[in-house]
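Here are the chains, one letter per residue:
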Amino acid sequence: MMEKDIITVPVSNLVPGTIVARDVYTRNNQLLIPKDYVIDERVITRITLFGILSVPVYEDDVRMNQIDEDDLEDNIFTQQEKQEFLEFKKDYDLTTNVVSKNMNQLLKADGEINSDQLIEEVDKLVFKSRSKYHVFDMLHCIKGYDDETYRHSLNVAMINSVFADWLSMDGTEKKHLIMCGLLHDVGKLQIDRKVLRKPSGLTDHEYEHIKQHPMRGYESLKDKKIPETVKRAVLLHHERCDGKGYPFGFTVLEIDPYAAITAIADVYEAMTANRVYRKGMSPFEVIQIFEEDGKNQFNPIFLVPLLNSMANTYLQHKVVLNNDMTGKVVLINRDELSKPIVMLDDGRYIDLSRARDVMITKVI
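These figures come from a predicted structure and were not determined experimentally.

Conventions adopted
- Residues numbered from 1 in each chain as written.
- Predicted model: local features only at pLDDT ≥ 70, side-chain atom pairs only at ≥ 80, totals over all residues.
- Heavy atoms only, no water.
- Phe/Tyr/Trp six-rings, centres within 6.5 Å; stacked < 30°, edge-to-face > 60°.
- Lys NZ or Arg CZ within 6 Å of the ring centre and 35° of its normal.
- Buried < 20%, exposed > 50% of the residue type's maximum accessible area, 1.4 Å probe, protein only.
- Helix = DSSP H or I, 4+ residues; strand = E, 2+ residues; numbered from the N terminus.
- Arc of directions from axis to C-beta.
- Axes fitted to C-alpha atoms, helices over the stretch in contact; angles between N-to-C directions.
- Parallel < 35°, antiparallel > 145°, perpendicular 65-115°, else oblique.
- Left-handed = near helix turned anticlockwise from the far one by under 90°.
- Contact = heavy atoms within 4.5 Å.
- Expected span 1.5 Å × (residues − 1).
- Polar contact = N/O pair within 3.5 Å; in protein donor to acceptor, adjacent residues only side chain to side chain.

### Describing the packing of aromatic side chains
For step 1, the next point in the chain: Summed over all chains, the structure comprises five aromatic pairs.
For step 2, the next point in the chain: The lysine or arginine in question, K211, covers the ring of Y246, its NZ or CZ lying 5.3 Å from the ring centre.

Below, the structure written as structure tokens:
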């Protein structure tokens, strides 16, 4: 039998239907995905959560089909909502340009940035959203383009802004957390763009090269007029409470609180945002992943209240289930946030904590 060629594909380029060519392990050598497993959205999310950058797959099986741009707005039904999104996107694109100019300015030896201007731009976007849910909804409709680092950074900053309110931070703390989101990936601007955007075949050297971005970002900021909390968040946002993160392998007590919160926002954005190669997951699917696999990786002091607030944000919102039925979230199960009680359109109620094979796949 002829052996299939194996290549390594960045997680950002994986799509459902691809077959894993070798066992995939976490950093503490626990089996995460067995060989020959057919990848689905849930598996992609788990890989992202565990900080794995690439996966070995069979070359003949690699699927690189871009998603239809029209599909990205399939949860915007009314003309009013579509108009809201178009207005948001216009402001969002302008803010992305401001973010990109400022981030590149920081890479210059004598470059500084106008932090107040950046924070004001983020605040405008969040303020224009009519609810915390609406912020996430608008971000979910944004498609990832070539300037993915800038857009991802802006998205994380907006999520951090919402998180700051949920955690009852004061004005200064909120500003610092927004800056953490904006600058956490500034080190990626010093990583070879061809490696970041490489569609397949990441070598071990390239993998390690990408993992240098927290350190490179910190080195770029350490002498700048930026709060120390922000600099530490840039350096430590890939650390994990179980000591399996990078670059230092720090544990929970060694990780700066701003870095710990930004890490949650960073992963949440990566899981829910639409990328060129696949759609993002629904909030409840992501909450379930955090509940199952995030306990040892993210500081529970922040993770628990944030997940509670996130789930409660979607009360009374219409949802689609994996059995194609639709309904409305009417009660959040405190012991299992990802499994609320849903009132179906026909008036029946379904408790997803008991109907284990049913889950929410979309909030509309």
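### Concerning helix α9 (residues 213-221)
In an α-helix there are 3.6 residues to a turn, and that puts residues three or four apart on one side.
For step 1, the next point in the chain: Of all the residues in α9, the buried ones are H213, P214, G217, S220 and L221. Viewed along the axis of α9, the buried residues span an arc of 125 degrees, placing them on a single side of the element.

### Let's talk about the packing of helix α11 (residues 257-272) against helix α12 (residues 283-293)
For step 1, the next point in the chain: The geometry of α11 relative to α12 is characterised by a closest axis approach of 10 Å and an angle of 135 degrees between their N-to-C directions. One finds that α11 runs oblique with respect to α12. When the axes of α11 and α12 are compared, the crossing they make is right-handed. Of the residues in α12, those in contact with I264, V267, Y268, M271 and T272 of α11 are P283, V286, I289 and F290.

### Some words on unusual backbone geometry
For step 1, the next point in the chain: The peptide bond linking Y246 to P247 adopts the cis configuration, its omega dihedral lying at 15 degrees.
For step 2, the next point in the chain: Locating P247 in the fold gives a position in the loop between α10 (228-236) and α11.
For step 3, the next point in the chain: The backbone of D36 shows a phi angle near 70 degrees, a positive value even though the residue is not glycine.
For step 4, the next point in the chain: With respect to the helices, strands and loops of the structure, D36 is situated in the loop between β3 (31-33) and α1 (41-49).
For step 5, the next point in the chain: Phi at S168 is positive, roughly 55 degrees, even though this residue is not glycine.
For step 6, the next point in the chain: Tracing the chain through its elements places S168 in the loop between α5 (148-166) and α6 (171-183).

### Considering helix α13 (residues 300-313)
For step 1, the next point in the chain: Between its terminal C-alpha atoms α13 stretches 19 Å, which fits the 20 Å expected from 14 residues at 1.5 Å a residue.
For step 2, the next point in the chain: Along α13, the positions that sit buried rather than exposed are F302, L303, L306, L307, M310, A311 and T313. Burial along α13 is one-sided: seen end-on, the buried residues are contained in an arc of 150 degrees.
For step 3, the next point in the chain: Put simply, N299 is the residue that caps the front of α13, since its side-chain oxygen is 3.0 Å from the backbone nitrogen of I301.

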